[in-house]
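Coordinate inspection notes
Here's the letter readout for the chains.
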Amino acid sequence: MYCLVDAVAFYASAEKVFDPAIRSKPVVVLTNNDGCICAICPIARRLNIPKFQPYFKVKHLLAKHKVVIRSSNYELYADLSDKMMNVISRFCDTQHVYSIDEAFLQFNGFTPLINDWHKYGQLIRRTVWRETKLPVGVGFGPTPTLAKAANHAAKKLNGFNGVAVIDSEHARQYILAAMDVADVWGVGKRLAKKLKLLNINSALDLAKQTPQRMKRLFSVVLERTVNELNGIVCLNWDDVRQDKREIFSTRSFGERLTDPVALKTALINHSIIVARKLRQQRSLTKRLLLFVASSPHESHYYKKSLVYELPVSSADSRVFAKAISEIFTQLYQHNVRFYKCGMGALELSSQQFQQPDLFAPSQDNIKLMECLDSINKRYGYDTLTLASQQQSQAWHMKRAFLSPQYTTRWQHLPKISCDL
DNA sequence: TCTGGGGTCCTAGGACCC
DNA sequence: TCTGGGGTCCTAGGACCC
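Computed from a prediction, not measured in an experiment: that's the story for all the values here.

**Notes on the overall build of chain A**
- Looking only at helices and strands, one finds 15 helices and twelve strands in chain A.
- Taken over the C-alpha trace, chain A has a radius of gyration of 24 Å; the compact-globule value for 420 residues is 22 Å, and the two agree within 12%.
- Here the C-alpha coordinates of chain A stretch approximately 65 × 65 × 50 Å along the principal axes.
- For chain A, with 420 residues in total, the buried portion stands at 46%.
- Intrachain contacts of chain A at a sequence separation of at least 6 include 66% that bridge at least 24 residues.
- On chain A, roughly 22,800 Å² of surface is accessible, and the fraction owed to carbon and sulfur atoms is 52%.
- Averaged over its 57 positive side-chain charges, chain A has a centre that lies 6 Å from the centre of its 36 negative ones.

This is the structure we're talking about:
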């Protein structure tokens with residue numbers, strides 16, 4: 001049995017944790033640079049606020065309904081996520097954290113004392129709420145995809161009260177019949193449109209297809225999904241937690257950038273993040289992809305990307321920074337108002353199997369990097385930096401509606417005043 | 001006045017080689 | 001009259017997820 005626990009409108013709910021005054025109000029959270037709406041609390045959803053719309057286009061609608069607006073506060077969300085995952089982990093011995101707000105639990109051989117999945121799900125919900133003040137939905141099913149479907153039903157269908165269980169053929173058919181095929185995990189907007197042309201409208205319609213036909217018409221991915229919907233586990237644990245095959249760090253700027261030094265510094269900062277992520281999964285990269293671009297909405301769209309091949313696979317921030325300095329002039333162009341840039345690591349390999357070059361010895365110093373990581377982990381990621389990573393305000397994010405960092409800054413601790 | 005997220009994986013099609 | 005291979009690598013863009 002699999003179980004999926006995920007938070008309801010996580011970012012919006014997280015904003016309500018330390019600010020009870022807005023719990024009964026409609027709340028939306030904006031993406032980086034206050035670009036789009038990325039989270040809508042249930043109260044705001046009832047006002048038909050559209051998701052992933054540019055903020056400036058729905059500004060008037062938000063004002064009309066007096067919607068509370070917040071910028072993304074990742075420090076806060078990451079902390080609350082840790083706390084929530086901690087609570088959830090107590091309910092099963094195998095937990096897989098799938099994203100910032102979702103976790104799968106796998107029960108094989110592990111039977112909870114409460115031998116009733118509905119009651120167990122309610123217990124998870126109540127406990128998470130009591131200890132974190134985050135609302136979660138819980139779904140049980142014999143495969144990850146069915147657990148995901150049950151979770152969807154728990155939140156969207158009437159009468160489930162936040163917990164749904166697929167533990168019988170009747171429950172499976174009932175929940176899948178009520179589910180639009182577009183809501184199936186792994187089926188996006190495009191695929192759903194094509195499926196509907198074949199008269200496959202609900203999740204149950206999809207489940208009734210033969211896996212071979214879906215493979216032939218679409219892909220192996222959809223074949224797996226059909227099997228999963230029929231109770232055959234295809235996404236095994238190892239699959240889900242495999243190392244990443246490429247790692248990126250990209251970001252748009254709060255304001256357009258024309259200064260080459262600022263742009264280069266931004267790139268170097270991305271490379272620092274990528275290097276850190278690489279070291280976290282004990283990988284090295286052979287090739288770096290660097291790109292800079294103006295806004296695609298501008299009349300003269302400028303986009304330039306370059307692949308830099310390292311002589312020896314690396315995860316050393318200093319090697320990356322040097323590579324950027326080397327090729328930066330090929331990326332930069334005068335009179336372009338830069339809007340976005342980033343770096344990716346391609347062709348990853350394991351640190352364990354590094355193939356050294358006899359004639360160009362590695363410039364890596366893993367020990368040094370590990371030391372840097374451990375210091376920065378403890379004291380904050382701006383504690384030890386490269387000289388070329390100089391702090392620059394020029395490309396910082398626009399976050400006009402940022403809530404306090406309740407959990408990571410002493411001076412932001414919530415204050416409680418009481419009149420006695 | 002201007003404003004439009006970020007990450008990962010997959011695939012079709014082009015370029016090149018023999 | 002009409003017809004012409006197969007493999008590898010690279011890249012841009014598509015698709016999906018949250």
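**Description of the protein's contact with DNA strand C**
- In the vicinity of DNA strand C there are 16 residues, among which Glu102, Lys148, Gly186, Arg190 and Leu191 approach most closely.
- Sugar plus phosphate: this is where 89% of the atoms of DNA strand C within 4 Å of the protein reside.
- For DNA strand C, a phosphate oxygen lies 2.3 Å from a polar atom in the side chain of Lys148.
- Val187 places a polar main-chain atom, nitrogen or oxygen, 3.2 Å from a phosphate oxygen of DNA strand C.
- For the surface near DNA strand C, the elements supplying multiple residues, two or more each, are strand S5 (95–99) and helix H8 (189–197).
- Tallying contributions element by element places H8 first for the surface near DNA strand C, with three residues.
- Looking at the surface near DNA strand C residue by residue, the class counts come to seven nonpolar, three polar and six charged.

**With respect to a positive patch on the surface**
- On the surface, Lys189, Arg190, Lys193 and Lys194 cluster together into a patch of positive charge.
- Within the secondary structure, Lys193 is located in helix H8.

**Thoughts on the pattern of salt bridges**
- The full count for this structure, using the stated rule, is 16 salt bridges.
- In this structure, the salt-bridge partner of Arg70 is Glu15, at a minimum N-O distance of 3.1 Å. Taken together, the residues Arg70 in strand S4 (residues 68–71) and Glu15 in helix H1 (residues 10–17) connect sequence positions 55 residues apart.
- The partner of Glu370 in a salt bridge is Arg282, and the shortest N-O contact between them spans 3.7 Å. On the criterion of sequence distance, the pair formed by Glu370 in helix H15 (residues 366–379) and Arg282 in the loop between helix H13 (260–280) and strand S10 (283–294) is long-range, its members being 88 residues apart.

**Comments concerning the protein's contact with DNA strand B**
- The full set close to DNA strand B counts 21 residues, and Glu246, Phe248, Thr250, Arg256 and Tyr339 are the nearest of them.
- Between a sugar or linking oxygen of DNA strand B and a side-chain N or O atom of Thr31, the distance comes to 3.1 Å.
- Separating a base nitrogen of DNA strand B from a side-chain N or O atom of His297 is a distance of 3.3 Å.
- If you tally residues by element for the surface near DNA strand B, the top one is strand S9 (residues 247–257), at seven residues.
- Broken down by class, the residue content of the surface near DNA strand B amounts to seven nonpolar, seven polar and seven charged.

Definitions and limits used
- Sequence order sets the numbering: in each chain, residues are counted from 1 along the sequence as written.
- Chains and ligands are labelled sequentially in the order written, the chains with letters from A and the ligands with numbers from 1.
- With the structure being a predicted model, the display of local features is reserved for residues of pLDDT at least 70 and the display and counting of side-chain atom pairs for 80 or more, all residues being used for whole-chain, interface and lining totals.
- In computing side-chain values, all of the structure's heavy atoms are included and hydrogens and water are not.
- Segments assigned H or I by DSSP are reported as helices when at least four residues long, segments assigned E as strands when at least two residues long, and all are numbered from the N terminus.
- To get the radius of gyration, use the C-alpha atoms; to get the globule rule, take the number of residues to the power 0.38 and multiply by 2.2 Å.
- Residue exposure (1.4 Å probe, protein chains only): buried if accessible area is under 20% of the type maximum, exposed if over 50%, otherwise partly exposed.
- By definition in these notes, contact holds between two residues if any of their heavy atoms fall within 4.5 Å.
- Throughout, the Shrake-Rupley method with a 1.4 Å probe supplies accessible areas, and for residues the shown protein chains are the sole cover considered.
- Charge counting follows a simple rule: Lys and Arg are positive, Asp and Glu are negative, and His as well as the terminal groups are ignored.
- Every charge is mapped to an atom, namely NZ of Lys, CZ of Arg, CG of Asp or CD of Glu.
- Proximity is defined per residue: any heavy atom of the residue falling within 4 Å of a molecule or strand makes that residue near it.
- The definition of a polar contact used here is a pair of N or O atoms within 3.5 Å, where within protein one atom must be able to donate a hydrogen and the other to accept one, and adjacent residues in sequence count solely through side-chain atom pairs.
- Asp, Glu, Lys and Arg are counted as charged, while Ala, Val, Leu, Ile, Met, Phe, Trp, Tyr, Cys and Pro are counted as nonpolar; the rest, among them Gly, fall into the polar class.
- Candidate patch residues must exceed 30% relative accessible area and have no salt bridge, after which like charges are joined if within 9 Å and Val, Leu, Ile, Met, Phe, Trp or Tyr side chains if within 5 Å.
- By salt bridge we mean one thing: a side-chain nitrogen of Lys or Arg within 4 Å of a carboxyl oxygen of Asp or Glu.

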